[in-house]
Amino acid sequence: MAAPSAAMRKKLQRKFRLRGFTLKVDALEEAAAFLDRFPDAEDDALDLLLDELDKEPLKSSILDRDAVRRVVSLLVEAEEAVDAASPAATSARSALRVVDSFVVPRFHYDPIKKVFYEHTGRLAIHGEAGDKAALYRDRYQVLLQRLTRDKYFSRPAFETVMSENDSCEITSIQSLIGCVGRRWIMGVISQLEERQFYLEDLTGAVPIDLANAKITSGFFVENTVIVAEGELLSNGIFQVNTCGFPPLEDRDASLSLLMGLDFFGGGVIPTEETLRLTSLENKAVNDMFVILSDVWLDNSETMEKLGVVLDGYESVEVVPSLFVLMGNFCSQPCNLAFNSFEELRLQFGKLGEMIAARTRLKEHSRFLFIPGPDDAGPSKALPRCALPKYLIEELQKHIPNAIFVSNPCRVKFYTQEIVFFRQDLLYRMRRSCLIPPTTEETSDPFEHLVATITHQSHLCPLPLTVQPIIWNYDHCLRLYPTPHTIVLADKSEQKAFKYTGITCFNPGSFANDSTFAAYRPCTKEVELSALES
């Protein structure tokens, strides 16, 4: 293999950098060798290579020889590399980048320097005691640094004539001792003693009385971070008058302060490339995602209904660009008592046959599989890894480009960030609630749920005793900066709700009530659908 020229090296490095990739030396040589095959269509071949790399679930934006070689071999096999480089053939497919939870980068906040820095090194699945403490500390720091920028809670640069009662500046819990009068504190609700709740921050803990507190929308459960206004009584209890969640921050404001750090995991996109992708996104009016939850493969009625849905989309003029099939994939929990794994493997194979029989869908749509809370896997802790290879091998024979990812998972469509999460969250949040939710703004439980997870910047702010989380991978459930769209698949009633510009929806349970959803990323419109019974 001849070494690439200096001009070629420079060109490759610049083009890859524009897409958010960094090339190792051996990867650069591999890419240059691929371009040598197409001396008359070098630019087209390079664009195609980059488009295909965008589709790969890469573990890092730093590319080595293996990552490039894998894509090159697929393109060489395709034989029509140059023809396929036209925008019409690649735009919809290359627009999509799927991010598995276990490759999402982790960031820590430095409160002294007031900057985030990326965690380097391996993250252990089985953490130590310090990792559990770090989970709560990191959640708290993310919300505190956001709160300190809010105009209502930040100290003015110049002291004005302001009474103590007008100040909303946060007081640390340690500093409450000896304070009289109204104070604002921020902390995590904890039950350090039975039936006695405390508010904890990084300096200490104080028992709280929420009996007469006026609250904002949302579910106030253990582990949630709240901002409380009240006063410290002589008995040492902080009596809460009003409390709510930390205020939200606009997505663009968060991004502007993160200095190009990639919290989402889809790779950092330079401004020049963002403008190009935004333009393409606005033109992608025909792109549509179809989302189904609770696709029970062992239930003949559910499979018949799925056939009806697939037939319907097979016959439309422009087929959906993505089908998202979410668990549970079995009507029975796949626990230690489950003994039909061989049968489930064959049922996945039948699903592959069913999809392959619809030739337009097989050729033009992509299929994304996300496990549910009762699907097969090493544990019930979040994030859950992708479905076991044993179960999906038969399906992959029919649909080789099917994508199997973790729960939750993230999808980047051009510049748009979408989070998919399959968990029966609403029931658990309502069960774990410490105070009945207020009905002042809304009585809709789904709207309360959306308010909770967005203000907490976390998909599952439940106590770890209710929903275990892998301590070192808690950052995979963060919603900071806020994504454009959050899909909260739940067995409860299907709903859609737009909250502070964030599109949130539950497609419903396909197996139970034949409901599903279609999402148009271009307009962020949600169509809640159901099959007629």
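What you see is a predicted model; the values in this text were computed from it and never measured.

Engineer: Tell me about the sheet that holds strand 12 (residues 289–293), residues and numbers included.
Structural biologist: Strand order across the open sheet formed by 6 strands is 15-14-13-12-21-22, with mixed pairing between neighbours. Looking along the sheet, the strands with just one partner apiece sit at the ends: strand 15 (403–404) and strand 22 (525–530). Two strands pair when backbone bridges link them, and strand 12 and strand 21 (residues 515–520) are joined in this way by 3 bridges, in the antiparallel orientation. Residue V290 lies in a different strand from strand 21, and its bridge partner there is A518.

Engineer: Give a description of the pattern of salt bridges that names residues and reports values.
Structural biologist: Throughout the structure, instances matching the rule amount to 26 salt bridges. Among the ionic pairs, D43 bridges to K11, the shortest N-O distance being 2.6 Å. Taken as a pair, D43 in helix 3 (residues 42–55) and K11 in helix 1 (residues 6–18) lie far apart in primary sequence, 32 residues in all. The salt bridge partner of R65 is E29, with a shortest N-O separation of 3.7 Å. You can see R65 sitting in helix 4 (residues 65–78) and its partner E29 sitting in helix 2 (residues 25–36), a full 36 residues away along the chain. Within this structure, R19, D51, E273 and R276 form a network of salt bridges that share partners.

Engineer: So what's going on with the packing of helix 1 against helix 3? Which residues, and what values?
Structural biologist: The interhelical angle for the contact between helix 1 and helix 3, taken along N-to-C directions, is 40 degrees, at an axis separation of 11 Å. With respect to their mutual orientation, helix 1 and helix 3 come out oblique. Crossing hand, helix 1 versus helix 3: right-handed. Together, M8, K11, L12, K15 and F16 of helix 1 and E42, D43, L46, D47, L49, L50 and L53 of helix 3 make up the contact between the two elements. Of the residues assigned to the contact of helix 1 with helix 3, the class counts are 7 nonpolar, no polar and 5 charged.

Engineer: Please give an account of the environment of L58 that cites residues and values.
Structural biologist: One can find L58 in the loop between helix 3 and strand 2 (62–63). Considering only alpha carbons, one finds L58 and G267, 209 residues apart in sequence, at a separation of 9.6 Å. For L58, the residues in contact, after removing those within four places along its chain, are F21, L53, L63, A67, R70 and V103.

Engineer: Lay out helix 2 in plain terms, naming residues and giving numbers.
Structural biologist: The first and last C-alpha atoms of helix 2 sit 17 Å apart over 12 residues, in line with the 16 Å expected at 1.5 Å per residue. Along helix 2, the residues that are buried comprise A27, L28, E30, A31, A32, F34 and L35.

Engineer: Would you mind going over the pairing of strand 14 (residues 366–370) in detail, with residue names and values included?
Structural biologist: In terms of burial, strand 14 is largely enclosed, as 5 of its 5 residues are buried. Judged by which residues are buried, strand 14 turns out to be covered on both faces: R366, L368 and I370 on one side and F367 and F369 on the other are all buried. As paired strands, strand 13 (residues 322–326) and strand 14 are joined by 5 bridges and run parallel to one another. When the sheet's bridge partners are listed, M326 is paired in strand 14 with I370. Note that strand 14 and strand 15 share 2 bridges and pair parallel. Following the sheet pairing, L368 is matched in strand 15 by I403. Traced from strand 14 through helix 12 (residues 389–398) to strand 15, the parallel crossover comes out right-handed.

What counts, and where the lines are drawn
- Residues numbered from 1 in each chain as written.
- Predicted model: local features only at pLDDT ≥ 70, side-chain atom pairs only at ≥ 80, totals over all residues.
- Heavy atoms only, no water.
- Pairing = 2+ DSSP bridges.
- Helix = DSSP H or I, 4+ residues; strand = E, 2+ residues; numbered from the N terminus.
- Salt bridge = Lys/Arg side-chain N within 4 Å of Asp/Glu carboxyl O.
- Axes fitted to C-alpha atoms, helices over the stretch in contact; angles between N-to-C directions.
- Parallel < 35°, antiparallel > 145°, perpendicular 65-115°, else oblique.
- Left-handed = near helix turned anticlockwise from the far one by under 90°.
- Contact = heavy atoms within 4.5 Å.
- Nonpolar A, V, L, I, M, F, W, Y, C, P; charged D, E, K, R; others polar.
- Expected span 1.5 Å × (residues − 1).
- Buried < 20%, exposed > 50% of the residue type's maximum accessible area, 1.4 Å probe, protein only.
- Right-handed = clockwise from strand over helix to strand, strands pointing away.

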